[in-house]
Amino acid sequence: MIFQRVFCSVFLLFCSYTVSSQVLISLLFGDKLNSDKIEFGLEGGFNFSQIGALDADKRLSNFNLGFYFEYRLKDSWKLYTGVLVKSNLGVSELSDSDLLLLEVTSEEEGGTYSQHINNFLVPALIKYEFPSRIYAEAGPQFGLMYKTWVQFDSDIDGTETRIRIENKDALNTFDVGGVIGFGYRLKPGKGMTLGIKYYQGFTNVIKGVSGSRNNSIYLKCNIPIGAGKAAKDSED
């Protein structure tokens, strides 16, 4: 138990540092991480998430940012992985019964409550790219929660109110699920790609509540960093 806590603490510290420096590192060393077998870059976009077994049915929208590695396996088959360092899941417009399950007392009126969950997400997807540059991908995704809260928002007579209530003890730390998606590479080779993917969690988000599983729709853009320079250097 002590080892697990130490490991998680070190991991969270490392990832917190990574989220503030990954863009700079990618821009400086992206060409060093790219080769004829590996594509490295940034993944960014938006996701629209929801949690099952709750009365709330309005998806929560958030911005995502991370880095990815794409390994060429054979012909058009690839392995896609990386880390979404800034990635939030959750749901909006919680009911009073939802708040009880989330161990939050409803004391404010005239606004809406929403559940926010900050995760580090690690996909491990098998990807196939067709000659038309359309690709399909599928596989598992693993999540580690590092911060969570219920947020109250209201706007009454021009006065905006926002209150955050942490409820980490009510939720499970680890999340596992499956991803399926497709997209399009704008240019041949290692060009930018646009895609959409769907995530369905297999584990319960809320402790003791069966069926409380994450699901999310992702709109994403993948930008290779330094791939062109790396390819040019390999030709020289």
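Chemist: Sorry, what's going on with the overall build of the protein here?
Modeler: Along its length, the protein carries three helices and nine strands. Listing each helix as α and each strand as β along the protein from the N terminus yields α-β-β-β-α-β-β-β-β-β-β-α. Taking all 236 residues of the protein together, 44% fall into the buried category. In the protein, the share of contacts with a sequence separation of at least 24, taken over all contacts with a separation of at least 6, comes to 65%.

Chemist: Any chance you could explain the environment of K86 here in plain terms?
Modeler: Summarising the element assignment, K86 is placed in strand 3 (residues 77–92). Here the alpha-carbon distance between K86 and G44, two residues 42 residues apart in the chain, equals 9.3 Å.

Chemist: Help me understand the packing of aromatic side chains, please; the structure alone is not making it clear to me.
Modeler: Ring pairs (aromatic) are described by centroid distance and by the angle formed between their planes. Going through the model one piece at a time under the given rule, you end up with 10 aromatic pairs. When the ring of Y113 is compared with that of F152, the centres are 5.0 Å apart and the planes differ by 50°; the resulting orientation is tilted. One end of the pair, Y113, is in strand 4 (residues 111–129); the other, F152, is in strand 5 (residues 134–156), with 39 residues separating them in the sequence. A relative accessible area of 6% means that Y113 is categorised as buried. Of the aromatic side chains, those joined through ring pairs into one cluster are F40, F67, F69 and Y71. Directly above the ring of Y135 sits K127, whose terminal nitrogen or CZ lies 4.0 Å from the centroid. Just above the ring of Y218 sits the side chain of K197; from NZ or CZ to the centre is 5.1 Å.

Chemist: Would you mind showing me how to read the nonpolar core here?
Modeler: Most often, soluble globular proteins keep nonpolar side chains buried together rather than apart. Ranked by size, the top nonpolar core spans 18 residues in total, and within it L94, V150, L171 and I206 carry the most contacts. The element best represented in this core is strand 5, accounting for three residues.

Chemist: What is the right way to look at the environment of S61 in this model?
Modeler: Tracing the backbone shows S61 in strand 2 (residues 60–74). You can call S61 partly exposed: its relative accessible area is 46%. Here the alpha-carbon distance between S61 and F48, two residues 13 residues apart in the chain, equals 4.5 Å. With residues near it in sequence (within four places) discarded, S61 still touches N47 and F48.

Chemist: What should I look at first to understand the side chain of K197 in this one?
Modeler: Structurally, the position occupied by K197 is in strand 8 (residues 193–201). Among the polar contacts listed, one links the side chain of K197 to the side chain of E43, at a separation of 3.4 Å. Once residues lying within four places of it in the same chain are set aside, the contact partners of K197 are E43, E137, Q141, V179, I180, G181, S216, I217, Y218 and K220.

Chemist: How should the pattern of salt bridges be read in this particular structure?
Modeler: Pairing of side chains with opposite charge becomes possible as their charged atoms draw close. According to the stated counting rule, one finds 10 salt bridges in the structure shown. One salt bridge in this structure joins E93 and K58, with 3.7 Å as the shortest N-O distance. One end of the pair, E93, is in the loop between strand 3 and helix 2 (96–101); the other, K58, is in the loop between strand 1 (38–51) and strand 2, with 35 residues separating them in the sequence. E137 serves as the salt-bridge partner of K220, at 3.1 Å between the closest nitrogen and oxygen.

Chemist: Looking at this model, I keep getting lost on the pairing of strand 8. Mind explaining?
Modeler: Two faces belong to every sheet, and in a regular strand the side chains alternate between them. Here strand 8 shows one buried face, formed by T193, G195, K197, Y199 and G201, and one open face, formed by L194, I196, Y198 and Q200. Bridge count for strand 7 (residues 174–185) against strand 8 is nine bridges, and the pairing is antiparallel. Residue pairing across strands places G177 opposite G201, the latter belonging to strand 8. Pairing between strand 8 and strand 9 (residues 214–224): eight bridges, direction antiparallel. Each residue of the ladder has a partner; that of T193, found in strand 9, is N222.

Chemist: Is there a simple way to think about the environment of S97 in this case?
Modeler: Inspection of the secondary structure assignment puts S97 in helix 2. S97 gets classed as partly exposed once you look at its relative accessible area, which sits at 37%. Reaching out from S97, the side chain makes a polar contact with the side chain of D55 at a distance of 2.6 Å.

Rules used throughout
- Residues numbered from 1 in each chain as written.
- Predicted model: local features only at pLDDT ≥ 70, side-chain atom pairs only at ≥ 80, totals over all residues.
- Heavy atoms only, no water.
- Helix = DSSP H or I, 4+ residues; strand = E, 2+ residues; numbered from the N terminus.
- Buried < 20%, exposed > 50% of the residue type's maximum accessible area, 1.4 Å probe, protein only.
- Contact = heavy atoms within 4.5 Å.
- Phe/Tyr/Trp six-rings, centres within 6.5 Å; stacked < 30°, edge-to-face > 60°.
- Lys NZ or Arg CZ within 6 Å of the ring centre and 35° of its normal.
- Core = buried A, V, L, I, M, F, W, Y, C linked by side-chain atoms within 4.5 Å.
- Polar contact = N/O pair within 3.5 Å; in protein donor to acceptor, adjacent residues only side chain to side chain.
- Salt bridge = Lys/Arg side-chain N within 4 Å of Asp/Glu carboxyl O.
- Pairing = 2+ DSSP bridges.

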